[in-house]
Every structure is written in structure tokens, then in C-alpha cells.
Amino acid sequence: MTQNAEREQWGSKIGFILAAAGSAVGLGNIWRFPYITGQNGGAAFVLVYIALVIVIGSSVMLAEMAIGRKAQLNAVGSFQKLAGGLWPVVGWMGIVSGFTILSFYGVVGGWTIKYFFHSFTGLMAEGLAGKAGDVFGAFVSNPTLVVAYQAVFMLTTIWVVYKGVGEGIEKYCKFLMPALFLILFVLIARSVTLEGAAKGLDFYLRPDFSKITGTSIATALGQAFFSLSLGMGCMITYGSYVDKQTTLPSSAVQVCVIDTLVAFLAGLVIFPAVFAFGVDAGAGPGLTFVTLPSVFAMMPGGMIWSALFFLLLYIAALTSAISLLEVVSAYFIDRGWSRPKAAVIMGFLIFALGVPCATSLSGAPKVYGKDFFDAMDFLSSNVLLPLGGVFISLFVGWFWTNDARKEVTNEGAHGFTLLEVWIWICRVVAPAAILYIFYTGLKW
Ligand code: PFF
């Protein structure tokens with residue numbers, strides 16, 4: 001492992017926050033959060049989600065950032081340096097998760113590009129004719145097309161990682177994240193002023209506590225992990241590019257706030273529009289690619305709204321995909337590979353693993369009865385991320401505790417009122433809660 005004096009670094013704290021928020025804000029926020037909220041009791045689910053982010057999500061995020069900044073290495077190297085023994089296995093699980101998540105994430109990333117362009121070339125007419133479902137079905141079962149769009153998405157991802165931490169990731173996130181916010185606010189303004197929007201707001205925001213069950217709490221915690229990019233060493237890797245002056249607790253809180261805000265706001269775009277046009281709100285995963293095009297088609301200027309929405313989704317997906325590729329590449333860069341070599345070779349291998357994900361949507365291959373796509377999703381989100389989260393928390397709570405205290409207070413230079421609360425969350429609360437979701441989520 002080459003431990004280097006000239007490790008790449010973020011140019012500023014805001015650059016770091018935007019890059020980390022770029023990782024966190026992704027398909028998980030805009031595509032997944034609104035529909036699972038719709039299925040799990042609306043505002044009641046949002047409240048449970050927020051509580052879990054505050055107590056567990058922010059704690060694990062801080063733990064990851066502290067580990068990375070102390071070690072100044074990738075996820076595997078960090079555990080090797082700080083602890084040795086079997087701990088690097090946790091980092092390895094992270095690399096495997098990065099590989100598997102990006103393989104299917106890149107497929108959906110490709111869909112966003114296709115839908116952006118298709119907004120101008122017929123999607124509106126098809127939506128009006130009630131054919132959005134058929135269009136989506138025909139598209140995902142055309143492997144050549146899906147793989148071609150996936151390739152374009154992966155190329156843009158590889159390009160940014162190839163350019164490096166400051167000149168690539170930070171530079172693009174500093175431009176893309178404000179663009180994402182701008183588009184989001186424009187879309188909210190459009191959506192909530194539609195006639196009939198109030199019914200959507202009511203559906204989204206009225207709490208229905210009867211829907212809060214063990215499973216929905218587990219869903220909320222699993223969603224929090226995926227959405228905050230936790231459990232796979234992503235924040236360890238990004239933390240390793242942070243300078244020693246940056247305060248970590250405030251950074252972790254800011255990233256959690258931005259991520260949760262975007263997820264919440266995405267619901268404000270989707271539900272008012274869906275209700276204003278009387279379309280099925282409980283459509284599940286198809287909500288974004290099937291339901292929304294039909295909604296846009298009925299709006300004046302629908303083409304523009306549709307294109308803006310899919311551009312938003314593309315930006316969100318891209319800044320997350322970058323972080324997934326960076327987790328994998330950073331390992332090889334720390335082993336002495338050049339950055340371009342790591343980004344291109346790993347990006348290509350992940351693309352190759354994504355090809356069966358893409359083709360599985362038209363039938364094959366299957367893994368024990370699940371589409372390859374769903375199998376990769378299940379393996380990473382339901383198994384590897386929660387397990388990673390348990391070990392990262394236990395590491396800070398029991399094994400690396402004193403050094404962790406020093407790292408999050410910048411060697412005592414900054415006070416952190418909740419220091420001991422954080423330690424106890426890492427020690428017992430987070431591992432117990434995550435093991436619970438691990439157990440309930442583990443149904444193939
Ligand atoms: N947080 C991303 C999302 O919400 O879409 C997905 C993700 C990115 C998960 C990076 C894990 C990760 F390391």
C-alpha cells in the first residue's frame with residue numbers, strides 16, 4: 001500500500017459537503033423514497049424515517065468519516081491501518097457492495113438518459129394515449145438499447161472519477177448539486193400549484209400510524225442506509241480526502257439534512273402531480289418511469305417538465321454513481337495504480353457485471369428465481385450494507401473508541417457535546433437496530 005504525502009484532498013469544506021451530499025442524494029431519494037413513503041403510511045413513515053436518520057444514520061456517517069480521515073486511505077486500507085486482523089474484511093464487503101450496487105445503478109442511470117431524450121421524441125404522445133407502461137416494458141426488454149444507455153451513463157461516471165477528487169468529483173458536484181436544487185424547486189412550484197394538488201399533499205403528509213409496523217420500520221432503516229450511502233465505506237473513502245481542520249460532526253449532520261430534505265422534497269413533486277391528474281399513487285417502483293410520464297403528458301408544456309424531471313434524476317444518479325466507482329477505484333489507487341487506470345478498468349468491469357442486470361429484465365439470467373437485477377439489489381442493500389453498518393458501529397463503539405473521540409473533536413480542538421451519546425449509539429443502539437432490519441429484511 002502506498003501511503004502518500006500527496007494524497008488528493010477536497011479544495012474546501014463546502015466542496016466536501018456537496019460531494020458527500022451528491023453521493024447520498026440519488027435514485028434512492030427521488031425514485032425510491034416517495035413510493036415507499038406512499039406505501040407505508042405517508043407522514044407517519046416520514047417521521048419514523050427522520051428519527052432513524054437522526055439517531056442512527058448520522059452516527060454511522062460520522063463513524064465512517066472519522067475512520068477515513070484518520071487513516072487517509074480507502075475502505076480496506078483504513079481498517080488494515082487502524083486495526084488489522086479480520087477488520088479489513090469489512091472494507092472488502094464495501095468494495096463488493098460498490099461493485100454490485102453500481103452494476104444495477106448504472107442500468108437505471110441509463111434509463112434516465114433515455115427518458116430525458118425520449119421526453120422530446122414521443123413520450124408525451126405515448127403517455128397521453130395511456131401507453132407509458134407499454135413503452136417502459138418494451139424499452140427494458142430491449143437489451144441492446146438498455147445496455148447502450150447504460151454504457152453512456154457509465155462513461156460519464158468514469159470520466160468524472162478519472163479526472164480526480166478536486167478536478168473531477170468536487171468540481172462537478174459543486175456545479176451539479178446546485179443545479180439539482182434549482183430543478184427540484186422549479187418542479188415543486190409547478191406541481192403544488194396544479195389544480196387538485198392538495199389531495200396529493202394530503203395523501204403524502206397526513207400521518208397514518210396504523211401503517212407503522214415492524215416491517216415498515218425495517219424498510220425505513222434500510223432506506224436510510226441506502227440513501228445516506230452508509231455501510232460500504234463510501235464515507236470512509238470521501239472522509240479520507242478531508243483535511244484535519246474540517247469539523248466532522250457538523251459535516252455529517254449537514255449531509256444528512258441535505259439528503260433527507262431532497263427525499264422529502266421529491267415527494268412534493270410527485271404526489272401533488274399524481275393526484276392532480278388522478279393517476280394511481282401506490283404504483284410502487286413503476287411510479288417514476290410509468291406513472292410520471294403519463295402525468296407530464298397531461299400538463300401544458302409537459303415535454304419540458306418531463307425533460308427537467310429526468311435531468312434531475314440523471315444528475316442525482318450520476319453524483320451517486322461517481323462515489324460508488326470512487327470507493328472501488330480508491331482501493332486500487334492506494335495500491336499504486338494510476339487514477340486513470342483504476343477508473344477505466346474498474347468502470348469497465350462494473351459495466352460488464354451490469355450487462356446481465358440489464359438483460360435479466362427481459363428474462364435471463366435468474367439467480368435462485370430472482371432477476372439478476374433484483375438479486376444484486378438484494379445482496380447489496382439487504383445484506384452487505386446493513387452488515388457493514390453493524391461492523392463499522394461496533395468498531396467505533398468498542399475497538400477504536402479513544403482514537404474515534406480524538407478524531408471527531410480534531411484532537412480536542414473542537415467541542416462535541418454529544419460525544420458520549422454518539423459512542424453509545426455506536427456501541428449498542430445502532431448495531432442492535434441494524435441487526436433487527438438485517439433479520440427482517442432477509443427474505444429472498
Ligand atoms: N445514496 C445513493 C442513493 O440514494 O441513490 C445510493 C448509494 C450511493 C448507496 C453510494 C451507497 C453508496 F455508497
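Everything discussed here concerns the structure shown above.
Attention in this report is confined to the structure presented alongside it.

Bringing the overall build of the protein into the picture now. Scanning the protein from terminus to terminus reveals 19 helices and two strands. Over its C-alpha atoms the protein spans a radius of gyration of 21 Å, differing by no more than 12% from the 22 Å that the globule rule assigns to 444 residues. Dimensions of the protein along its principal axes, counting C-alpha atoms only, are 60 × 45 × 45 Å. With 444 residues in all, the protein has 59% of them scored as buried. Per element, the accessible surface of the protein, about 16,100 Å² overall, is 69% carbon and sulfur. Taken together, the 25 basic and 22 acidic charged side chains of the protein have centroids lying 2 Å from each other.

What surrounds the ligand is a group of 15 residues, the closest being Ala-24, Gly-28, Tyr-105, Phe-226 and Met-232. Residue Gly-28 places a main-chain N or O atom 2.8 Å away from an oxygen atom belonging to the ligand. The separation between a nitrogen atom of the ligand and a polar main-chain atom of Ser-227 is 3.0 Å. Here the ligand has 340 Å² of accessible area as a free molecule, and 100% of this is covered by the chains. If you list the elements that add at least two residues to the shell around the ligand, you get helix H1 (13-24), helix H2 (27-39), helix H11 (214-227) and helix H15 (302-334). Class assignment for the residues of the shell around the ligand results in seven nonpolar, eight polar and no charged.

Our focus in this paragraph is the pattern of salt bridges. All told, the structure shown has eleven salt bridges when counted by the stated rule. With its nearest N and O atoms 2.8 Å apart, the salt bridge here joins Arg-7 to Asp-334. With Arg-7 in the segment before H1 and Asp-334 in helix H15, this residue pair connects regions lying 327 residues apart in the sequence. Take Arg-7: its relative accessible area is 11%, and that puts it in the buried class. Since its relative accessible area comes to 2%, Asp-334 is described here as buried. The salt bridge involving Glu-170 is made with Lys-174; its shortest N-O contact spans 4.0 Å. Placement of both Glu-170 and Lys-174 in helix H9 (residues 165-192) is noted, with a separation of four residues, approximately one turn of the helix. Relative accessible area serves as the criterion here: at 5%, Glu-170 is assigned to the buried category. One network of salt bridges, with partners in common, ties together Glu-8, Glu-326 and Arg-339.

Counted under the stated rule, the structure contains 37 aromatic pairs. Taking the centre distance of 6.1 Å and the plane angle of 35° together, the rings of Trp-10 and Phe-16 count as tilted. Residue Trp-10 shares its accessibility class with Phe-16, and that shared class is buried. Here the aromatic rings of Phe-416 and Trp-422 are separated by 6.4 Å at their centres, their planes lie at 50°, and the arrangement is tilted.

A few words now on the packing of H9 against H15. Interhelical geometry of H9 versus H15 gives an angle of 150° and a closest axis separation of 9 Å. When the interaxial angle is binned, H9 and H15 end up roughly antiparallel. Note that H9 runs across H15; the crossing there is left-handed. On H15, the residues that touch Val-165, Ile-169, Cys-173, Leu-176, Met-177, Ala-179, Leu-180, Ile-183, Leu-184, Val-186, Leu-187 and Arg-190 of H9 are Trp-305, Leu-308, Phe-309, Leu-311, Leu-312, Ile-315, Ala-316, Leu-318, Thr-319, Ile-322 and Glu-326. Here the contact of H9 with H15 is composed, by residue class, of 20 nonpolar, one polar and two charged.

With that settled, the discussion passes to unusual backbone geometry. A positive phi angle, near 55°, is found at Gln-72, a position not held by glycine. Structurally, Gln-72 is set in the loop between helix H3 (43-71) and helix H4 (75-82). Although it is not a glycine, Asn-410 adopts a positive phi angle of roughly 50°. By the element assignment, Asn-410 lies in the loop between helix H18 (401-408) and helix H19 (419-441).

The next point concerns the nonpolar core. Counting residues in each nonpolar core, the largest one holds 151 residues, and the members touching the most others are Trp-10, Met-61, Tyr-105, Trp-111, Phe-289, Phe-309 and Trp-422. The biggest single contributor to this core is H15, with 20 residues. Not counting residues within four places of it along the chain, the set of residues in contact with Tyr-105 comprises Gly-26, Leu-27, Gly-28, Phe-153, Phe-226, Ala-317, Ser-320, Ala-321 and Leu-324.

So, how was this worked out
Residues numbered from 1 in each chain as written. Predicted model: local features only at pLDDT ≥ 70, side-chain atom pairs only at ≥ 80, totals over all residues. Heavy atoms only, no water. Helix = DSSP H or I, 4+ residues; strand = E, 2+ residues; numbered from the N terminus. Rg over C-alpha atoms; globule rule 2.2 N^0.38 Å. Buried < 20%, exposed > 50% of the residue type's maximum accessible area, 1.4 Å probe, protein only. Areas by Shrake-Rupley, 256 points an atom, 1.4 Å probe, with all protein chains shown as cover. Lys, Arg positive; Asp, Glu negative; His and termini not counted. Charge placed at Lys NZ, Arg CZ, Asp CG, Glu CD. Near = heavy atom within 4 Å. Polar contact = N/O pair within 3.5 Å; in protein donor to acceptor, adjacent residues only side chain to side chain. Nonpolar A, V, L, I, M, F, W, Y, C, P; charged D, E, K, R; others polar. Salt bridge = Lys/Arg side-chain N within 4 Å of Asp/Glu carboxyl O. Phe/Tyr/Trp six-rings, centres within 6.5 Å; stacked < 30°, edge-to-face > 60°. Axes fitted to C-alpha atoms, helices over the stretch in contact; angles between N-to-C directions. Parallel < 35°, antiparallel > 145°, perpendicular 65-115°, else oblique. Left-handed = near helix turned anticlockwise from the far one by under 90°. Contact = heavy atoms within 4.5 Å. Core = buried A, V, L, I, M, F, W, Y, C linked by side-chain atoms within 4.5 Å.

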